[in-house]
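# What the coordinates show
These are the residues of each chain, in order.
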Amino acid sequence: MFYKSWLFFAFLGLLISACSFTNSGSTADLVVVNGQVATVDSEFSKAEAFAIQDGKFIAVGDNDEVQKFIGNETRVIDAEGKTIIPGLIESHTHATGVVNRELSAGRAYEQLRSIQEIQEWLEVQVEQTPEGGWIQLPRAEVTRIKEGRIPTSEELDEVTPNNPAVFNWQYADRQIQVLNKAAMEAAGITKDTPVPEGGRIQLGSDGEPTGRVEDSPELTERFLESQSYTDEEYHDALARLLNRYNEVGITSIFERGSDEEGYHSFRKLKEEGRLTVRATVTMRFLGLDGTIEGAEEAFQGLSLEYGEGDDWVRVGPLKFRIDGGVLYGTAFMREPYGEASFDLYGIDDPTYRGSSVFTPEQVENILHVGQSLGWQMSAHVTGNAGVDLVLDAIEATDNLVNDDDHRFTLIHAYFANQGTAERVERLGVGIDTQPPWYHMDGDGLLGALGEDRLRQFIGIGEWHDAGAKVSINSDHMMGFGPNSSLNPYNPFLTMYTVITRRTSSGEVIGSDQKVSREDALRMMTIDAAWFSFDEERKGSIEVGKLGDFAILSDDFFNCEEEEIKDIQSLMTVVGGEVVHETDGNSGQAKSHN
């Protein structure tokens, strides 16, 4: 298969280059000395210096060993005892989607955490919006709203009596909108308004609409106009976002749900010399009907091949969807959600446990075709019953496709248990999951799901103890700030969460799910590289690997636990090129004379 062949030749090339590097007297382009270097190699070795030439590490060791690689043109960085780690791999982002949403909205994303904050935000927008102009609130997860619910129509009316205002709570195929009185009048929504199939206009005790409209975007979409923007504005914004990733030590990303256009956007930045992170672009696979013929037709319609590209931009796996999300009550679960979840999710069926988009046979068909054609595959699947379904299909498909290293990725897989974890490890499947969701949403989910389920929620320790490969990440999808985005992409918050298992309120639910600082770092470096068959090319500071690293503001391994989430990157380097450097960086950089 293509990716296996590519991996073999890449590894062979590294062995050859490593030998030549260690035996040559080459002059380095960049040398770092006096550091506390966590190499994250197989022994988790420590070093104090390294050298980079032509974008790769050519020497790693102590100061004396590396000094011989310094020449007149070498840039020498004195790290002054700072902790240095391999460049961080953010293995689940939606960078192109972030940029599209931000430009379409015409304003920066703000995360609103209470009904009061929602009303205060609306008051500001009313002052800036002509009377009668529509106002669309930014997405806010109900689990992060202080009151544990979405706002009512009356609460919107209190501050927006003359402007149509709509609050959207949307995920995948489920959408709940709350419209104020002005919005209902402008859209012509009454108790007699026909709704699309599967939709609903909620009526109050008086028989009139309450303002809550479910799964009926057609009723309002013509009023919710998006801002237009040029290709140049889009690519400028994408470059800015990738620079923000660099600011927190990120040197590689997995774009986890894009298409050919998204791939070419990264290529364009590379050609213009503006790409500052390495991108593995996952292709979102839409329109599948679950048949062999349908899957074959969909694959034939792709203009890109798996593995196409280079060390900067490469086509990654295909992604298809199994279920929805746990924050929205659409994850496919083994057991019913239960009455405690009714208020949060707006359901009233005691037998409800979510559902799957595909049958087991349909998933087998998709996997069989994809893997037979040489594609790495991945699935968005959040609930434990959904994971069971996919693992069953993988076992069935492995009997048909003679290859035992597909590295299928379960994206999310939120509820871990020992049996499933052992099965995942045996099948060579990887887990791509999001600790910040536990930190941000654990408190809000506790009452709805119960403590037993929350102990398993994003159960990193369970996966790790079974030996499964895990990459931890953010699923960044809205907002530019590392801590203020809808899903914060600050990697030190991500690692802090798996190290401490603390929610935003400080609660620890499932202390056995904690992992060590070393293991947390592996999950954002060398183990994350495994998911794209890149563990021999990046993810650690070793001779022959790509020269990606970050110099940190604090000692990741010995600082107080609460300080981990506040660590910053003083300097981020990709391929030997400095892509971020803080003002007043105490790790001084200078040219050697």
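Residues numbered from 1 in each chain as written. Predicted model: local features only at pLDDT ≥ 70, side-chain atom pairs only at ≥ 80, totals over all residues. Heavy atoms only, no water.

### Observations concerning the packing of helix 9 (residues 292-300) against helix 11 (residues 360-372)
Worth spelling out the cut-off: All axes here are fitted lines through C-alpha atoms, helices being fitted over the stretch that makes contact, and every angle between N-to-C directions spans 0 to 180 degrees. Secondary structure elements are defined from DSSP: runs of H or I of at least 4 residues count as helices, runs of E of at least 2 residues count as strands, and each element is numbered from the N terminus. Here the angle decides the label: under 35 degrees means roughly parallel, over 145 means roughly antiparallel, 65 to 115 means roughly perpendicular, and every other value means oblique. Each helix crossing is assigned a hand: it is left-handed if the near helix lies turned anticlockwise from the far helix by less than a right angle, otherwise right-handed if that turn is clockwise. Any two residues whose heavy atoms approach within 4.5 Å at even a single point are treated as in contact. All residues other than Ala, Val, Leu, Ile, Met, Phe, Trp, Tyr, Cys, Pro, Asp, Glu, Lys and Arg, Gly among them, are scored as polar; the first ten of these are nonpolar and the last four charged.
Axis separation between helix 9 and helix 11 bottoms out at 9 Å; the angle between their running directions is 40 degrees. The orientation of helix 9 with respect to helix 11, classified from their angle, is oblique. As for the relative orientation of helix 9 and helix 11, their crossing is right-handed in sense. Here Ile 292, Ala 295, Glu 296 and Phe 299 of helix 9 lie close against helix 11, whose contacting residues are Asn 365, Ile 366, His 368, Val 369 and Gly 370. Here the contact of helix 9 with helix 11 is composed, by residue class, of five nonpolar, three polar and one charged.

### Some remarks on unusual backbone geometry
Note the threshold: Classification of residues uses two cut-offs on accessible area relative to the type maximum, computed with a 1.4 Å probe and protein chains only: under 20% is buried, over 50% is exposed, and between them is partly exposed.
The backbone phi angle of Asn 34 is positive, close to 60 degrees, even though this residue is not glycine. Among the residues examined, Asn 34 registers a relative accessible area of 31% and is labelled partly exposed. The phi angle at Glu 80 is positive, at roughly 50 degrees, despite the residue not being glycine. Its location among the elements puts Glu 80 in the loop between strand 6 (75-78) and strand 7 (83-86). Residue class for Glu 80 comes out partly exposed when judged on its relative accessible area of 45%.

### Some thoughts on the side chain of Gln 376
Keep this limit in mind: Polar contact is the term for a pair of N or O atoms within 3.5 Å; when the atoms are in protein, one must be able to donate a hydrogen and the other to accept it, and sequence-neighboring residues count only if both atoms are side-chain atoms.
Mapped onto the fold, Gln 376 is located in the loop between helix 11 and strand 17 (377-381). A polar contact is formed between the side chain of Gln 376 and the side chain of Tyr 306, at a distance of 3.1 Å.

### Topic: the pattern of salt bridges
The cut-off we apply is this: Basic side-chain nitrogens of Lys or Arg form a salt bridge, by our definition, when they fall within 4 Å of a carboxyl oxygen of Asp or Glu.
According to the stated counting rule, one finds 30 salt bridges in the structure shown. Between Asp 311 and Arg 537 there is a salt bridge, and its shortest N-O distance comes to 2.4 Å. Of this pair, Asp 311 sits in the loop between helix 9 and strand 16 (313-321) while Arg 537 sits in the loop between helix 19 (526-530) and strand 21 (549-552), and the two are 226 residues apart along the sequence. According to the relative accessible area criterion, Asp 311 is partly exposed, its value standing at 22%. A salt bridge links Glu 395 to Arg 423; the shortest N-O distance between them is 2.8 Å. Residue Glu 395 is found in helix 12 (residues 384-398), and its partner Arg 423 is found in helix 13 (residues 418-426); the two are separated by 28 residues along the sequence. The class of Arg 423 is buried, set by a relative accessible area of 17%.

### Topic: the confidence of the model for the protein chain
Heads up, the rule is: Summary of the metric used: pLDDT quantifies the predictor's per-residue confidence within the range 0 to 100.
Per-residue pLDDT for the protein chain averages 92, and the proportion of residues at 70 or more is 93%. Residue range residues 1-24 is modelled with pLDDT below 50. Its contacts to residues more than four positions away, or to other chains, number 42 contacts.

### A word on the nonpolar core
The line we're drawing: We define a nonpolar core as any set of buried Ala, Val, Leu, Ile, Met, Phe, Trp, Tyr and Cys residues linked to one another through side-chain atoms lying within 4.5 Å.
Leu 242, Phe 320, Val 326, Phe 408, Leu 410, Met 495 and Phe 556 are the most contacted members of the largest nonpolar core, which totals 134 residues. Excluding residues within four positions of it along the chain, Val 326 makes contact with Ala 331, Tyr 345, Thr 382, Tyr 414, Phe 415, Leu 445, Leu 449 and Phe 457. Leu 30, Phe 50, Ile 84 and Ile 551 belong to the second-largest nonpolar core, a separate cluster that totals 15 residues.

### Brief notes about a negative patch on the surface
Heads up, the rule is: Patches were defined on residues exceeding 30% relative accessible area and lacking a salt bridge, with like-charge contacts within 9 Å and nonpolar side-chain contacts (Val, Leu, Ile, Met, Phe, Trp, Tyr) within 5 Å. Areas reported here follow the Shrake-Rupley algorithm with a probe of radius 1.4 Å; residue values treat only the protein chains shown as occluding. Only four residue types enter the charge count: Lys and Arg as positive, Asp and Glu as negative, with His and the chain ends excluded. Note that the charge is assigned to NZ on lysines, CZ on arginines, CG on aspartates and CD on glutamates.
There is a patch of like negative charges on the surface, built from Glu 48, Asp 62, Asp 64 and Glu 65. For Glu 65, the position within the fold is in helix 2 (residues 63-67). Glu 65 gets classed as partly exposed once you look at its relative accessible area, which sits at 44%.

### What about the sheet that holds strand 21?
Which entries qualify depends on this criterion: At least two DSSP bridges between two strands are required for those strands to pair.
The six strands lie next to each other as 3-2-7-21-22-23, forming an open sheet whose pairing is mixed. At either margin of the open sheet sits one strand with a lone partner, and together these are strand 3 (46-47) and strand 23 (577-581).

### Some words on the sheet that holds strand 15 (residues 278-284)
Reading across from one edge, 8-14-15-16-17-18-19-20 is the order of the eight strands in this open sheet, with parallel pairing throughout. Each edge of the sheet is formed by a strand with only one pairing partner; in this case those strands are strand 8 (88-93) and strand 20 (469-472). Strand-to-strand twist of the sheet, defined as the mean angle between neighbouring strand axes without regard to direction, takes the value 25 degrees. In terms of strand pairing, strand 19 (residues 430-433) meets strand 20 through four bridges, oriented parallel. In the sheet register, Ile 431 faces strand 20, and the bridge partner there is Val 470.

### Re the packing of aromatic side chains
Where we set the bar: Two aromatic rings, drawn from Phe, Tyr or Trp (for Trp, its six-membered ring), form a pair once their centres lie within 6.5 Å of each other, and the interplanar angle then sorts them: stacked below 30 degrees, edge-to-face above 60, tilted otherwise. In this scheme, Lys NZ or Arg CZ marks a charge over a ring once it lies within 6 Å of the ring centre and within 35 degrees of the ring normal.
All chains considered together, the criterion is met by 17 aromatic pairs. On the basis of an interplanar angle of 20 degrees and a centroid distance of 5.6 Å, the ring pair of Tyr 337 and Tyr 352 is categorised as stacked. Taken together, the residues Tyr 337 in the loop between strand 16 and helix 10 (342-345) and Tyr 352 in the loop between helix 10 and helix 11 connect sequence positions 15 residues apart. Judged by relative accessible area, Tyr 337 falls into the buried class, the value being 4%. Taken together, Phe 285, Phe 299, Tyr 306 and Trp 375 form an aromatic cluster joined through their ring pairs. Above the ring of Tyr 337, the side-chain terminus of Arg 453 is found at 5.9 Å from the ring centroid.

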